[in-house]
Amino acid sequence: MAYNRRILEGRPGDSVLRWWREVYKWARSLPVVLGPNMRATFGPLGMKVRVASGRPVRISWRAGLSGREITLSAGYVENQIPSIAVEGGDFVRLDARTADGEEAANGRPKLSLADAEPGADNRSAVVVSVQLNEDGTFPDGEQLEEDPGLFTVEHRSDFSAVDRRGAAEQGRPFHVLAILYWRDNEPVRIGQVAMHDYILLESESETASGETVKRYFFSAA
Amino acid sequence: MTLRPFRIMRGGISLKDARALVKFIRYWRPLTVESDDALGFRHPWQISARWDPSQERWEMQIFRDTYVANREILAPSMRVDEVPEETLRRLGAEKQERSDLVRPWISEEPWIPVPEMRRVGTDAVATTATSAEPIPEYFAERGVVSADELVIGVQSLSVRSGGSPGDREKQRLLRAVDVILNQPRPTAGLQVGSDGRITVDIRPAGDSSPFLTITGARFEPKSEASSAAEEIAGAVADDGIDRRHVGTLWLLSPPGTSRDSEPDETWQPFGQHFEFWSLDHDINRDLNVFEPVVLELAAPLAGGVAQGVIDTFLDNIEQEDAAASAFLSSAKVDGGFWTV
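A brief look at the structure comes next.

How each quantity is defined
- Residues numbered from 1 in each chain as written.
- Chains lettered and ligands numbered in written order.
- Predicted model: local features only at pLDDT ≥ 70, side-chain atom pairs only at ≥ 80, totals over all residues.
- Heavy atoms only, no water.
- Helix = DSSP H or I, 4+ residues; strand = E, 2+ residues; numbered from the N terminus.
- Rg over C-alpha atoms; globule rule 2.2 N^0.38 Å.
- Buried < 20%, exposed > 50% of the residue type's maximum accessible area, 1.4 Å probe, protein only.
- Salt bridge = Lys/Arg side-chain N within 4 Å of Asp/Glu carboxyl O.
- Patch = residues over 30% accessible without salt bridge, like charges linked within 9 Å, V, L, I, M, F, W, Y side chains within 5 Å.
- Areas by Shrake-Rupley, 256 points an atom, 1.4 Å probe, with all protein chains shown as cover.
- Lys, Arg positive; Asp, Glu negative; His and termini not counted.
- Charge placed at Lys NZ, Arg CZ, Asp CG, Glu CD.
- Pairing = 2+ DSSP bridges.
- Contact = heavy atoms within 4.5 Å.
- Polar contact = N/O pair within 3.5 Å; in protein donor to acceptor, adjacent residues only side chain to side chain.
- Core = buried A, V, L, I, M, F, W, Y, C linked by side-chain atoms within 4.5 Å.

Some remarks on the overall build of chain A
Part 1: Across its full length, chain A carries three helices and 14 strands.
Part 2: In terms of overall size, chain A is more extended than a compact globule, its C-alpha atoms giving a radius of gyration of 27 Å where 221 residues would be expected to give roughly 17 Å.
Part 3: C-alpha extents for chain A along the principal axes are approximately 100 × 45 × 35 Å.
Part 4: Considering chain A as a whole, with its 221 residues, one finds that 42% of them fall into the buried category.

Describing the pattern of salt bridges
Residues and elements named next belong to chain B.
Part 1: Under the definition given, this model contains 33 salt bridges over all chains.
Part 2: For Arg118, the salt bridge is made with Glu133, and the minimal N-O distance between the two is 2.6 Å. Linking Arg118 in strand β7 (residues 118-120) with Glu133 in the loop between β8 (125-126) and α3 (137-140), this pair joins segments that are 15 residues apart in sequence. As far as the burial class goes, Arg118 and Glu133 line up, both buried.
Part 3: For Arg119, the salt bridge goes to Asp123, with nearest N and O atoms at 3.9 Å.

Observations concerning a negative patch on the surface
All names here are of chain A.
Part 1: Taken together, the side chains of Asp100, Glu102, Glu103, Asp140, Glu142, Glu145, Glu146 and Asp147 present a region of like negative charge at the surface.
Part 2: With respect to the secondary-structure elements, Glu145 resides in helix α2 (residues 141-146).
Part 3: What makes Glu145 partly exposed here is its relative accessible area of 45%.

As for the pairing of strand β9 (residues 148-152) of chain B
Residues and elements named next belong to chain B.
Part 1: Across two bridges, the pairing between β8 and β9 is parallel. Along β9, the bridge assignment pairs Ala126 with Glu149.
Part 2: The pairing of β9 with strand β10 (residues 157-160) spans four bridges and is antiparallel. Looking at β10, one finds that Ile152 is bridged to Leu157.
Part 3: The hairpin formed by β9 and β10 contains four residues between the paired strands.

A word on the environment of Ser209 of chain B
Residue and element names in this part refer to chain B.
Part 1: With respect to the helices, strands and loops of the structure, Ser209 is situated in the loop between β13 (197-203) and β14 (211-215).
Part 2: Using a relative accessible area of 16% as the deciding quantity, one classes Ser209 as buried.
Part 3: Ser209 has contacts with Arg71, Leu74, Asn182 and Pro184, leaving out every residue within four places of it along the chain.
Part 4: A distance of 3.4 Å separates the side chain of Ser209 from the side chain of Arg71, its partner in a polar contact.
Part 5: Here the side chain of Ser209 touches Asp207 through a polar contact of 2.8 Å, side chain to side chain.

Focus on the nonpolar core
Part 1: If you look at the biggest cluster of nonpolar residues, it comprises 32 residues, and the most contacted ones within it are Ile70, Leu72, Val77, Leu94, Val126 and Val153 of chain A.
Part 2: Elements with a minimum of two residues in this core: β4 (69-72), β9 (123-130), β10 (151-156), β11 (174-183), β13 (198-208) and β14 (211-220) of chain A.
Part 3: Sorting elements by how many residues they give to this core places β11 of chain A first, with four residues.
Part 4: Once residues lying within four places of it in the same chain are set aside, the contact partners of Val126 of chain A are Ile70, Leu72, Leu111, Val153, Glu154, His175, Val176, Leu177, Ala178, Leu180 and Ile190 of chain A.
Part 5: If you look at the next biggest cluster of nonpolar residues, it comprises 31 residues, including Trp58, Met60, Ala75 and Leu181 of chain B.

Any functional reading would require information beyond the geometric quantities listed.
Structure below.
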């Protein structure tokens, strides 16, 4: 018989099966209880626990992918919150309000990827896009209340530097908020690009041969 | 008293039972406990490192949600058999030779082998006290001491130790590699014509994908030109890449590690990143409206030597020739990064 069962000491010839079972029982009796700000993930090699030791960080434009829908937390470009076109042709702002400031019936809008396709390298983008006024200024609150489609969050398959420039030349520059990765024509992951509350849109003119061209730059405020 | 696993060899416990137990414990007990800044959030450019026991080397990773102008950032070249499956799938490289080199995207989360590291403090050697790389305060407080100083006398060469010899048991070694972001961009090409004219045209970058280099050499930012001659020299030598020091991986040894040791699994990694957000990048010229800039100088090319024209150009700049100064500023191509 064992000298000491608590520390599993024994003599030559003792059966250890019962002890193995006790170890098994002991291991099962110690549940891993995750406290606040702890998260467990399971991989082929076992469990990893992550502890959030810092203060929670609120990220604007935080994008989440669920099937073929995307959710986004709110953020500002030139102090305005963009909208998403929802079913029925209505627009709902990212802060779950309609253009006139009323609470939206279905809460936060979701960006549908029902008809979306990947672009080059099996990537595509979630962008915020604005239709500028003819003089290149950003639409004000009144204009957006009248036509929320001027300032929207959209999905784009083409978002290279050339595409960005082409859109800006049409008076509708866009800024990438998140990047979608596709496999077998299905979106599988989303990567966050923009994270700041406030984004500014600045422009610069360059002239040559009598032609003036405006360049637009989005940047974190 | 010696204890042995007594009757296991004689069938006291079935292999199935043993495996079930090991699997259970392995799966349900935490393997690692790590700290995050905040739940579910990591900054772009965040650096992590791990020791790979199978290859006996340190490896590092940059947080995947990190972009420059919405483009994927290329990691340093890695062997096909070391890159993530995502990379193989994207490149269709499954059938390539194992030793072939490919460049994964940072977003594919490759574990990049850490190249040879530089020594900082304790067992580094500096030719003068000022040439030594400063030791970050954090590591100085943990036992990293000043580098040895090489004293060169008239007929002698000696080493002045940075720390007191009595503290050797407490001293720790420090190693570092810098992570550099490289962004190719167009360059301004200066050409001196046979008629004495200097022409500037823009040469586009070949592959403009941003890429990382990881180097043991200490990063030195490009210094601003202090004269027209330096500016021209810089334009001529411009390699068309904007560089930014985005982070450093430090490895700290246990106390008392003998000098000149190579980092192993007993060392402690510290990732430091200097950028916190994804970046955008552009140049100061709109290529769609840029036209070649030409400056005519009253200095015909003599015998095919361009230097005479350049010298005349510099003279004009020094004499505050408005045309020459305007030419210089319009001929300059600069790139810039900003936070998005």
